Amino acid sequence: MSAGSTRSKWSSETGPEALFGGKDISPFGRRQKRPRGPRLPVVVVTGFLGSGKTTLIRALLDKPEGAGTAIVVNEYGEIGIDHALLRSSSDATVLLGNGCLCCNVRSDLQETLRALFADRARGAVPSFARVVIETSGLADPGPVLQTFATDRALGREFHLQALICVVDAIAGAANFARMPESRKQVALADRIVVTKSDLAEAGATERLVERIATLNPAPVGIARNGEIDPSFLLDEPLAVRRNFDLAEADHTHGLDSFSLIFDEPLSWPGFEQAMAVLMSLRGPDLLRVKGLVALAECRGPVVVHIVQHVAHPPVELEDWPDDDRRSRLVFVTRGLAREPVAQLFASVAAFAAGGA
Amino acid sequence: MADTAIWNFKQLAHHELDGFGGIGEGMSIQIAKDGRRILWLAHESAPKNFTAVDVSDPRAPKLVARADLPQSHMRSNSLETVGDIMAVAYQTTRPGLQPAGFELFDISVPENPRSITFFDCSGPHSRGVHQLWFADGQYIHMSSGASDFVPSHPKDDQFYRIIDVKNPSKPVEVGRWWLPGTKEGDSEPPPVRHPENADTGFRPHNTNVYPERPDRAYLGYIDGGLVILDIADMAHPKMVARWDYHPPYFGFTHTVVPFFDRNLLIVSDECTRTEGQDWPKLVWIVDGRAETNPVPISTCPLPPLENFMRRGARYGAHNLYENLPKPNAWKSDRIVLATFFNGGLRAYDTSNPYQPAEVGYFVPEPPARAPSGAIQINDVFVDERQIVYTVDRHVGGLYTLEMEF
């Protein structure tokens, strides 16, 4: 690192690592085998009312891969029905009674998850290996994503493993047209499950999948009889491998989703500065930024995840997940296009190179 | 009965060792000449001496060999292998009995361990060897009595001894050390005893020596706390540091593992009483930057006592994975793996040593026929493939695991 740029809050030059770091030190703590490290994986399932979320989760619990899953249900409307369904097949089900799982009830979710974690540690609930959160149909996933971002919230114990969006082949297209929230759920997702394709008219599923591809290039899975391969729900998403740029026509409120890929390793201070500029100027519009960063000062790739003005603590992995060693970032924004972001990174990189 | 609780470990196999699944504190990997990976296990108590298990495929461990003890009044408890030589500790139930000492075996054919020599440590005041450390092929560092050693208190019968086994058929003692005052005739006064119902003796348990500091021995000195010795002159070990935290804590400091590169010492107690009577028995993180002044800075977090104290038998710390300085052993100066009897095997990340964080646990369901009705996870070893081996003290035998943290 160049002089004057080492005051990063992740710097190893202060704190316990300075006293006890040893020689083989990562600026980001112990190198991890996988992005979640030792934390509990959380799979968040979004999707509009009636899209088939509960059926999908219930099918997962019936499979061996679904063993050891705690379900947190956030209800809206039909009181208790989802809860009753899930309770019969899950060891640890918690009902959030407070309606829509958005900003104002986020603390409910935090308290629920905190209690689950504590109960598990003291053996008061069966030992579970993951949490699946079923959000209410209207929920904005953003606040849920933020919940796992910081130590103050739940970032020390829980890790957002995957955000799954369920879209049904019958009503999905109409929801996209009428409800901006449904497009946002799709845009933010790591994977998308299309349900009810067997009930939809001919060609509807194909048209829906094409529409989804205009919002998010993430993998789309077609559920059969309400179920899908468990790994499609549970696995850590793969890092993006190609450039894309999806922008909705309305640039003032429309969603943009694009990738930035850097051939050369970045410097952490440069990356941090570029992100700090973006977060301070356009934080509310930075719906989600995720990816792997190759750093000159690190052996392994660094996993980054930012939701609006909140950055998850970066994690250095022991190794790259594939043979692509380039920095790869995906941005989902509201009205913030690829070009100015790419330019910002380019100028910060040029400044860092010039000042080195 | 509690179900298995598992977090960030993946269980690969469980082998009950055909009805003799009570394992002590000796776990050592040998790569046999035919390439098989053999795990040698010391038994907790008679009638079995040691068991060899082929763990080449950790998903399908196979029993290879097993030996009986010559006497029922003895136990082996501790063993180590270096190449095709295995050292096995023998301790008797009372002073004055035989055989007490250690035996060296040629294990070049794992099915047929052949005795090379027996090193006698018996004596009127000796129970022989409780634990031995054998990593470099030349020296055995051990906690042992001796025929010529008269302790000032009968519970202090074992002390630190260094035996040169370079010629395995003729082991020779090259050094010894005891806490001043624990040998009759010492000019120093004997140490102040712990209360009678909690007096477990001023004697070493584990005696670890690493190539990073060949001039140091790291001793868990039971009721005497942590002891660091300068053994540059093996004939005259000198105490460099001692950290004694009892009272107020119950005694039985068990193991000291240095994380050399990070100036940390990881120290475990042994829980020796049931139902939480000697709680808390802990794993301590000690700041070792000033060698002569070890400073405890944290302990590894444990689930609440009330959730385990009534599960049966012991709940509290015991063995640590010791970063064995051997090619077929895993090394980590971040992760602590520790066994806690009915609290199972637990893993901690010490990256921030002021706040060690639990990153995994494995608490198997109580084995069938467990005398206490509880699991009693006793010891842990990790090979260079990062396969974790852990054992039950009474009947459960061997569990193989992968680490996922």
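No experiment lies behind these values; they were computed from the predicted model shown. (Residues numbered from 1 in each chain as written. Chains lettered and ligands numbered in written order. Predicted model: local features only at pLDDT ≥ 70, side-chain atom pairs only at ≥ 80, totals over all residues.)

## Here we look at the overall build of chain A
In plain terms, the rule: Secondary structure counts use DSSP, requiring at least four H or I residues in a row for a helix and at least two E residues in a row for a strand, with both numbered from the N terminus. Burial is judged by counting other C-beta atoms within 10 Å of a residue's own C-beta: 20 or more means buried, 12 or fewer means exposed, and anything between counts as partly exposed, with every C-beta placed from the backbone. C-beta atoms are first placed from the backbone for all residues, and any pair lying within 7 Å is then listed as a contact.
Along chain A, the regular secondary structure elements total 11 helices and 14 strands. Taken across its 356 residues, chain A has 45% of its residues classed as buried. For chain A, the share of sequence-separated contacts (at least 6 apart) that also reach a separation of at least 24 residues comes to 74%.

## Re the pairing of strand β29 (residues 398–403) of chain B
All names here are of chain B. What counts here: Two strands are counted as paired when DSSP detects at least two bridges linking them.
Buried residues dominate β29, accounting for 5 of its 6 residues. Pairing of strand β2 (residues 9–15) with β29, which is carried by 6 bridges, proceeds in the antiparallel orientation. Residue pairing for β29: H14 is matched across the bridge by Y399. Pairing between strand β28 (residues 387–392) and β29: 5 bridges, direction antiparallel.

## Topic: the sheet that holds strand β13 (residues 139–144) of chain B
Strand pairing in a sheet relies on backbone hydrogen bonds, with the paired strands running either antiparallel or parallel. Residue and element names in this part refer to chain B. Let me state the cut-off plainly: The angle between two axes is taken between their N-to-C directions and runs from 0 to 180 degrees, where each axis is a line fitted to C-alpha atoms and a helix contributes only its stretch in contact.
One open sheet accounts for 4 strands, arranged β12-β13-β14-β15; its pairing is antiparallel. Whereas interior strands pair on both sides, the edge strands pair on one side only; in this sheet they are β12 (129–134) and β15 (172–177). Here the average twist between neighbouring strands, direction ignored, is 25°. Pairing geometry for β12 and β13, over 5 bridges, is antiparallel. By the bridge assignment for β13, L132 is matched with M142.

## Observations regarding the confidence of the model for chain B
Note the cut-off: Residue-level confidence of the predictor is what pLDDT reports, using numbers from 0 through 100.
Averaged over all residues, the pLDDT of chain B equals 97, while 100% of them reach at least 70. ipTM for the predicted complex: 0.84, alongside a pTM of 0.90.

## A few points about the confidence of the model for chain A
All names here are of chain A. For chain A, per-residue confidence averages 82 on the pLDDT scale, and residues scoring 70 or more make up 83% of the total. Within chain A, the lowest mean pLDDT, 36, falls on helix α3 (residues 81–87), and the highest, 98, falls on strand β6 (residues 191–195). Confidence over residues 95–105 falls short of pLDDT 50; this stretch has 31 contacts with residues more than four positions distant or in other chains.

## Brief notes about the interface of chain A and chain B
For clarity, the cut-off: Lys, Arg, Asp and Glu make up the charged group, whereas Ala, Val, Leu, Ile, Met, Phe, Trp, Tyr, Cys and Pro make up the nonpolar group; the residues left over, Gly among them, are polar.
With 15 residues of chain A in contact, the opposing surface of chain B contributes 23 residues. Looking at side-chain class alone, the side of chain A that touches chain B contains 6 nonpolar, 6 polar and 3 charged residues.

## Here we look at the domain arrangement of chain A
All names here are of chain A. Worth spelling out the cut-off: Start and end positions for the domains come from either an automated domain assignment or a database one.
Domain assignment breaks chain A into domain 1 (16–30 + 241–355) and domain 2 (40–234). Residue-level contacts link 13 residues of domain 1 with 14 residues of domain 2. Within the residue set of the side of domain 1 that touches domain 2, elements represented by two or more residues are β9 (255–262), β10 (286–293) and β12 (310–311). Class assignment for the residues of the side of domain 1 that touches domain 2 results in 9 nonpolar, 3 polar and 1 charged.

## Focus: the environment of F259(B)
Residues and elements named next belong to chain B. With respect to the helices and strands, F259 occurs in strand β20 (residues 253–259). Residue classification places F259 among the buried positions, given that 22 C-beta atoms sit within 10 Å. Spatially, the C-alpha atom of F259 lies 5.2 Å from that of D333, the residues being 74 residues apart in sequence. Those residues in contact with F259, other than ones at most four positions away along the chain, are L264, I266 and D333.

## So, the sheet that holds strand β26 (residues 357–363) of chain B
Residues and elements named next belong to chain B. Read from one edge of the open sheet, 4 strands run β1-β26-β25-β24, paired in antiparallel fashion. The open sheet is flanked by β1 (5–7) and β24 (335–339), the only strands paired with a single partner. Strand after strand, the sheet turns through a mean of 25° between neighbouring axes, direction not considered. Inspection of the sheet shows strand β25 (residues 345–349) paired to β26 by 5 bridges, in the antiparallel sense. When the sheet's bridge partners are listed, Y348 is paired in β26 with E358.

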